[in-house]
Amino acid sequence: MRETEVIKVALVGNPNTGKSSLFNQLTGLNQKVSNYPGITVERKSGTAKINDKVTASIIDLPGTYSINPTSLDENIVLEAFLNESNDYPDVVVVVADVENLKRNLFLFSQIKDLEIPAILVVNMVDQMKRKGISLDIAKLKHELKSEVLLISARKNLGIAELRTAILNYKKVNTTTIANIANRVDAEFFKKVKSSFKEMSLYKAWLLITQQHNFPNIDPVLKERIDKFRGEPDKLKKMQNKETILRYQYINNILKKTYSFDSENATGLRSKLDKILTHKFFGYIIFATILLLIFQSIFDWTRVPMDLIDSAFAQLSAFAKNKLPSGVFTNLVAEGIIPGIGGIAIFIPQIAILFLLISILEETGYMSRVVFLMDKIMRRFGMSGKSVIPLISGTACAIPAIMAARNISGWKERLVTILVTPFTTCSARLPVYAIIIALVIPNDRILGIFSLQGFTLMALYLLGFGAAMASGFLLNKTLKVRGKSFFVIEMPNYKLPSIKNVVYTVLEKTKSFVFGAGKIILAISIVLWMLASNGPESFKMATETIQKENVDLTEKQLNQKVASYKLEHSYIGIAGKAIEPAIKPLGYDWKIGIALISSFAAREVFVSTLATIYSVEDDSNTTTIKQRMAAEINQDTGEKRFNFPVGMSLLIFYAFAMQCMSTLAIVKRETNSWKWPILQLFGMTALAYLASLITFTLLN
Amino acid sequence: MNIITLANLSVGEKGIIKDIPFDSVPLKLLEMGCLPGKEVELLQVAPLRDPLYIRVNGSHLAIRRDMAELIEITKS
């Protein structure tokens, strides 16, 4: 490949400014999501072609209102500007929303004071006229001593000009603009300036005020900073003064350059707000939306999921018939293919969930839900912002627990993290779906609601109920101090951008399939190996069976040998070992195997049973569901998955903590093993008791 | 005379922010545009009387009642 110049660009801006739209517009599908080293916040980066010789490597930093962080997410932004590592940007593109220019300029003025090349991009200018906004761009450029561009990321306006501006970043004026130092405390800043000659004054000021956000700071630098710390009260006073002065400066500029007829712009917004946050209709609308989400993930996904299920069953049979027989073929047909099938079957549900959640976020509705729910959530030890993790938890607890980073109070955040795994994540969904299909009749209530869909909704409510109840208990028992505060923006309503929604769905589904998929596939292969090998009695299977039963047809013999082998394989021995403990819940040792492997990840339940039954059963074309339906309880002669067992399993999976990845994330997010261990034992004990009661009552 | 705070406004009413106790409110509130001398309007109150949905200095914000009770205003 030809040598090309790479410009490092950081994309910064307030939330809801269309920053993601711009990022998608610039990079197209050339983007990737990775973790920041050492922490779990997702880092989005991508490349954009500037011209034949130059590309830009663009980092999409988390949305923030200020460079002074109030959450872990916002900390990333500060870190990006204080750590002069390899990632240090050549140029910063600050995205502003034309409607909230004042507050957006606040962030811009801070970044500008870092004396780093910064380009101001005013987005959504296609709506200026409709909203009665006018902006004197030449004057604004002059006043801000900066490059200012008008764009519309959605309409693809001004993007070419932005590319040119990025290309010419070296010409960008880097003088400071707000000049707050002298007016905040001239004497103090003079001292700071003379001791930190190697960096910009504002950077030194940020290091002094934000030191607590950097526990791993260089000790020499720390000592130099500590000299200026003094009493924290004094610093806070100076920060307050800085904020007031910045707004004065911005107001003066905007008076000369900007006018906004706010009545014109807020008519529709206030009408929608009146309905969506209404004390009665607000909740009805929210409940209806939740109901629609749950109905759609069950109803819309049934067909594609059945297709995927039978496609993999056929593929497995095809492999078995066409490949030369042997250990390798068995591994492919019984281990790998059902394993991949167990991942692929999730795709429709996960995609639809992420689709609906990202639409709710994009439109601005999610903030209204936060507003509606805050007071209620506080009784359960959480904040209105906890609604977002709890709803995202229906997709996957891992991103949901990371989304709790936005909650500023430690106690509210901790309670949210601890209870989120109760919400019905998509990994529980295949377990629920298959068991519901087996034990709940496919009838309709009142001719509309499907009984199966209704059961699924009841399970979701059970999950939310368990989350709220444990939040209530934790709120009463946890002795955690820490002030919480709640200041959120209520963004204007927007039509969701199809491009943004599609990209989010693609990205999240992809990272789930490849992230969780690896675990599922690995477990499937290990399981298959454990199920296909065993000690001496396993190897002697054929001889033992032949000795015990003389007059068997070949088919009967093969079947008997296969189940004998499974029972005496390593995995069978493990399942048998826990059988006494799970028998009171209605399970046998085969389900026991699925339970053991589920502690790595719940969704493995279905593929484990698929692997177990396919090792046992030679007629490969049957689907997982058919095999489970055909399974007989040896003690009673009834179906293995009858109503009491099915309900007991549903309850167990609703409460049990069966996800190693979630435990690992909780450990990282809370920085302690105490909380994940509490979750593991507390939730699993609850699951055991609840299933025991369910099975005993129903049987 | 009783001190009037942001929490005393009824929906649709406006006021001018007179004083904010800087020590007890987070910097973020100021950074979002809630500053002395600015006009503030109470747009909506959540169903259980909390939080409050306000417009101040061009920003639309939601804050909790306990914080609103600290923000002194004069009714306009």
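Small disclaimer: the values here were computed from a predicted structure and weren't measured.

Here chain A is described as being made up of domain 1 (5-171), domain 2 (181-268) and domain 3 (515-698). One C-alpha centre belongs to domain 1 of chain A, the other to domain 3 of chain A, and the line joining them spans 51 Å.

Another point: the packing of helix H23 (residues 541-548) of chain A against helix H24 (residues 554-567) of chain A. How two helices pack is summed up by the angle between their axes together with the distance between the axes. All names here are of chain A. Between H23 and H24, whose axes approach to 9 Å, the crossing angle comes to 125°. By the angle class used here, H23 and H24 are oblique. Considering the relative orientation of H23 and H24, their crossing is right-handed. For the pair H23 and H24, the contacting residues are Ala 541, Thr 542, Thr 544 and Ile 545 in the first and Leu 557, Lys 560, Val 561, Tyr 564 and Lys 565 in the second. Looking at side-chain class alone, the contact of H23 with H24 contains 5 nonpolar, 2 polar and 2 charged residues.

As a further point, take the interface of chain B and chain A. Contacts between the two partners involve 27 residues from chain B and, on the opposite side, 30 residues from chain A. When contributions to the side of chain B that touches chain A are tallied by element, the ones reaching two or more residues are helix H1 (27-31), strand E2 (39-45) and strand E4 (59-63) of chain B. Pairing of strand E12 (residues 487-489) of chain A with E4 of chain B involves 3 bridges; the strand directions are antiparallel. Within E4 of chain B, the residue paired with Glu 489 of chain A across the bridge is Leu 61 of chain B.

A few words now on helix H14 (residues 347-363) of chain A. In this model, H14 of chain A (17 residues) spans 24 Å end to end at C-alpha, consistent with the 24 Å of a helix rising 1.5 Å per residue. Immediately beyond the C-terminal end of H14 of chain A, within one or two residues, lies Gly 364 of chain A, with a positive phi of roughly 95°.

Strand pairing in a sheet is mediated by backbone hydrogen bonds. Such pairs are either parallel or antiparallel. Here 6 strands make up an open sheet; going across it, the order is E12(A)-E4(B)-E3(B)-E2(B)-E1(B)-E5(B) and the pairing antiparallel. A single partner strand is all that each edge strand has here, and the edge strands are E12 of chain A together with strand E5 (72-75) of chain B. Each strand of the sheet is rotated relative to its neighbour by a mean of 40°, with strand direction disregarded. Summarising the sheet, strand E1 (residues 14-19) of chain B and E5 of chain B pair through 4 bridges and their orientation is antiparallel. Looking at the pairing, Ile 17 of chain B lines up with Ile 73 of chain B of E5 of chain B.

The biggest cluster of nonpolar side chains holds 201 residues, and the ones touching the most others in it are Leu 11, Val 94, Ile 111, Leu 120 and Val 121 of chain A together with Leu 61 of chain B. Considering every element that reaches this core, the biggest residue donor is helix H29 (residues 643-655) of chain A, with 9 residues. For Leu 61 of chain B, the residues in contact, after removing those within four places along its chain, are Val 487, Ile 488, Glu 489 and Met 490 of chain A together with Met 32, Cys 34, Ile 54 and Val 56 of chain B.

On to the environment of Ala 610 of chain A. Residues and elements named next belong to chain A. Here Ala 610 lies in helix H27 (residues 604-616). By C-beta crowding, Ala 610 is classed as buried, having 30 other C-beta atoms within 10 Å. Counting along the chain gives 276 residues from Ala 610 to Glu 334, while the straight-line C-alpha distance between them is 8.6 Å.

Going from Asp 50 of chain B to Pro 51 of chain B, the amide bond is cis rather than trans, its omega being -5°. By secondary structure assignment, the location of Pro 51 of chain B is in the loop between E2 and strand E3 (52-56). At Asn 671 of chain A, a residue that is not glycine, the phi angle is positive and equals roughly 60°. With respect to the helices and strands, Asn 671 of chain A occurs in the loop between helix H30 (660-670) and helix H31 (674-698). Residue Asn 671 of chain A is classed as exposed on the basis of its 8 C-beta neighbours within 10 Å. Positioned with a positive phi, Asn 57 of chain B is a non-glycine residue whose angle comes to about 50°. Tracing the sequence through the fold places Asn 57 of chain B in the loop between E3 and E4.

Taking 1.5 Å per residue as the helical rise, H24 of chain A with its 14 residues ought to reach 20 Å, and the 20 Å between its terminal C-alpha atoms agrees with that figure. Here H24 of chain A has its buried residues at Tyr 564, Lys 565 and Leu 566 of chain A.

All names here are of chain A. Take Lys 141: it is sitting in helix H4 (residues 137-144). Each C-alpha atom, one on Lys 141 and one on Leu 120, is 9.2 Å from the other, the two residues being 21 residues apart in sequence. Ignoring anything within four residues of it in the chain, the contact list for Lys 141 reads Ser 146 and Val 148.

Criteria and thresholds
- Residues numbered from 1 in each chain as written.
- Chains lettered and ligands numbered in written order.
- Predicted model: local features only at pLDDT ≥ 70, side-chain atom pairs only at ≥ 80, totals over all residues.
- Domains from an automatic or database assignment.
- Axes fitted to C-alpha atoms, helices over the stretch in contact; angles between N-to-C directions.
- Helix = DSSP H or I, 4+ residues; strand = E, 2+ residues; numbered from the N terminus.
- Parallel < 35°, antiparallel > 145°, perpendicular 65-115°, else oblique.
- Left-handed = near helix turned anticlockwise from the far one by under 90°.
- Contact = placed C-beta atoms within 7 Å.
- Nonpolar A, V, L, I, M, F, W, Y, C, P; charged D, E, K, R; others polar.
- Pairing = 2+ DSSP bridges.
- Expected span 1.5 Å × (residues − 1).
- Core = buried A, V, L, I, M, F, W, Y, C linked by C-beta atoms within 7 Å.
- Buried ≥ 20, exposed ≤ 12 C-beta atoms within 10 Å, placed from the backbone.

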